[in-house]
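# Descriptive analysis of the structure
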Amino acid sequence: MKIAVIGDGGWGTANALLLAGYGHAVSLWGAFPEYIEEMRRTRRNDKFLKGVALPESLVLTSDRAAAVSGADVVVLAPPSKYFAPVMEGFKGLVTNGQLVVSLTKGLCEKTNKRMTELAQEILGLSNVVALAGPTHAEEVARGIPTAIVAACADEAAAKRVQKIWSGPTFRVYTSRDPVGVEIGGAVKNVLAIAVGCSDGMGFGDNTRAALITRGLAEMKRFVFAYGGAPETVGGLAGVGDLIVTCTSVHSRNHFVGERLGRGEKIDDILGSMQMVAEGVWNAKVVHDLAAKLGVEMPICNLVYALCYENYNAADAVSAMMNRDLKSE
Ligand SMILES: NC(=O)c1ccc[n+]([C@@H]2O[C@H](COP(=O)([O-])OP(=O)(O)OC[C@H]3O[C@@H](n4cnc5c(N)ncnc54)[C@H](O)[C@@H]3O)[C@@H](O)[C@H]2O)c1
């Protein structure tokens with residue numbers, strides 16, 4: 001099978017390696033020709049997925065048509081901020097005859113749309129499958145057992161993804177609720193910043209557990225208001241991904257939160273990072289959308305205030321603890 005992966009970040013690369021390891025002919029497309037050239041020379045992607053060798057069979061390209069023409073499967077993996085412009089570049093090159101899968105977590109800043117919606121609209125496709133769950137690229141690249149969910153209103157498409165991606169260390173479930181799966185992926189990154197902030201302030205397990213649990217309640221309300229199934233939040237793309245992001249050393253969003261908790265400024269933190277922290281962008285979309293939908297999201301809103309309104313971590317704690325008392 002010929003597979004094209006669009007996006008040479010850590011997650012696009014880890015998926016390209018997984019699929020190439022199954023014997024598929026995989027091409028990996030990146031937006032920056034000089035960096036693609038460097039990867040070709042070194043057979044490594046040290047900027048986004050350190051310490052992993054790229055097999056000779058993996059085709060590295062910045063040529064859009066060469067990447068996707070003749071591909072049976074097209075995998076979309078740019079960060080959410082660049083997703084729409086990257087899709088614009090592939091207009092007319094990706095067609096309904098191809099199985100299209102989105103790995104990107106987040107919502108569009110301008111339109112508040114989910115990534116599969118955006119891809120469908122821009123590329124003119126009838127169905128794009130969302131593939132998400134508790135999956136750090138670094139661990140998938142090392143073959144650590146991982147489970148994920150393939151979600152699409154078209155169950156047959158989700159089942160095709162399940163069959164292609166499943167292997168000895170990678171187990172895929174299916175779901176017919178792409179809304180729940182994609183919203184879970186966007187909100188958990190915002191909540192990870194809150195948990196990181198608590199850890200950075202030197203708080204303990206009680207605070208972390210409270211933030212994860214009450215964060216999950218926010219995620220459930222948001223999924224429901226957006227039109228998804230609240231029970232999806234109990235699955236891999238909801239609670240599963242929230243646990244991994246809030247407790248892992250690999251989580252960049254947690255790391256951003258930790259530094260905010262230690263008193264650093266958001267611009268300094270972001271300026272020092274190569275990789276993306278989706279939670280910072282998504283804090284804004286979630287904040288704006290929650291206001292529009294009338295959903296109560298106190299933790300996510302405080303993360304927004306920390307990232308965009310110069311709020312400091314101590315004020316956030318006080319705001320959180322002094323909210324009106326209520327039943328659970
Ligand atoms: N890394 C993971 O473990 C992981 C796991 C699951 C899902 N995801 C999701 O995958 C998506 C991609 O994240 P990642 O971790 O692979 O990214 P990354 O931080 O590893 O890499 C950043 C990517 O953005 C690209 N980029 C930078 N500026 C750009 C521009 N102006 N235009 C187009 N592309 C540009 C870079 O070339 C690179 O491919 C995100 O939505 C993320 O939430 C990541």
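Residues numbered from 1 in each chain as written. Predicted model: local features only at pLDDT ≥ 70, side-chain atom pairs only at ≥ 80, totals over all residues. Heavy atoms only, no water.

## So, the site of the ligand
Near the ligand lie 21 residues; those nearest to it are Asp-8, Gly-10, Trp-11, Ala-137 and Glu-278. Taking Asp-8, its side chain carries an N or O atom lying 2.6 Å from an oxygen atom of the ligand. Relative to its unbound accessible area of 830 Å², the ligand is 86% covered by the protein chains. In this structure, the ligand is accommodated by the largest pocket. At the level of secondary structure, the elements contributing two or more residues to the shell around the ligand comprise helix H1 (10-21) and helix H4 (80-89). When we break the shell around the ligand down by domain, the ones giving at least three residues each are domain 1 (2-176) and domain 2 (184-321). (Near = heavy atom within 4 Å. Polar contact = N/O pair within 3.5 Å; in protein donor to acceptor, adjacent residues only side chain to side chain. Areas by Shrake-Rupley, 256 points an atom, 1.4 Å probe, with all protein chains shown as cover. 1 Å grid on protein atoms, 1.4 Å probe; cavity = no way out; pocket = protein on both sides within 12 Å on 5 of 7 lines; lining within 4 Å. Sits in = over half its atoms within 2 Å of the grid points. Helix = DSSP H or I, 4+ residues; strand = E, 2+ residues; numbered from the N terminus. Domains from an automatic or database assignment.)

## Brief notes about the nonpolar core
Within the largest apolar cluster, 42 residues are counted, with the highest numbers of intra-cluster contacts made by Val-187, Phe-222, Val-256, Leu-260 and Met-297. For this core, the elements supplying multiple residues, two or more each, are helix H8 (178-200), helix H9 (205-226), helix H10 (236-247), helix H11 (252-261), helix H12 (266-271), helix H13 (278-293), helix H14 (298-308) and helix H15 (313-321). The biggest single contributor to this core is H8, with 11 residues. Non-local contacts of Val-187, meaning those with residues more than four positions away in its chain, are made with Met-219, Phe-222, Val-286, Met-297 and Cys-300. Leu-49, Val-52, Val-73 and Ala-158 belong to the second largest nonpolar core, which has 39 residues in total. (Core = buried A, V, L, I, M, F, W, Y, C linked by side-chain atoms within 4.5 Å. Buried < 20%, exposed > 50% of the residue type's maximum accessible area, 1.4 Å probe, protein only. Contact = heavy atoms within 4.5 Å.)

## Digging into empty space enclosed by the protein
Empty pockets left among the atoms are what a rolling probe the size of a water molecule brings to light. Under the definition given, this model contains one cavity of 30 Å³ or more. Taken as a whole, the largest cavity spans an internal volume of roughly 40 Å³. Forming the walls of the largest cavity are Ser-102, Leu-103, Thr-104, Lys-105, Gly-106, Ala-130, Leu-131, Ala-132, Val-181, Glu-182 and Gly-185. Residue assignment for the lining of the largest cavity shows that the elements contributing at least two residues are strand E8 (129-132) and H8. (Points joined across faces, edges and corners; volume = space filled by probe spheres on them.)

## Brief notes about H1
End to end, H1 covers 16 Å across 12 residues, agreeing with the expected 16 Å (1.5 Å per residue, within 8%). Taken across its 12 residues, H1 has 11 buried, putting it largely inside the fold. Among the residues making up H1, those that are buried are Gly-10, Trp-11, Gly-12, Thr-13, Ala-14, Asn-15, Ala-16, Leu-17, Leu-18, Leu-19 and Ala-20. One or two positions beyond H1, positive phi appears at Gly-23, with a value near 100 degrees. (Expected span 1.5 Å × (residues − 1).)

## Structural notes on the domain arrangement of the chain
For the chain, the assigned domains read domain 1 (2-176) and domain 2 (184-321). In this assembly, 27 residues from domain 1 lie in contact with 23 residues from domain 2. Here domain 1 meets domain 2 over a buried area of about 2,000 Å², counting both sides, of which 64% is carbon and sulfur. The partner of Asp-241 in a salt bridge is Lys-105, and the shortest N-O contact between them spans 2.8 Å. For the interface between domain 1 and domain 2, the tally reads six residue pairs in polar contact (both at pLDDT 80 or more). Broken down by class, the residue content of the side of domain 1 that touches domain 2 amounts to 11 nonpolar, seven polar and nine charged. (Buried area = accessible area lost by both parts, 1.4 Å probe. Salt bridge = Lys/Arg side-chain N within 4 Å of Asp/Glu carboxyl O. Nonpolar A, V, L, I, M, F, W, Y, C, P; charged D, E, K, R; others polar.)

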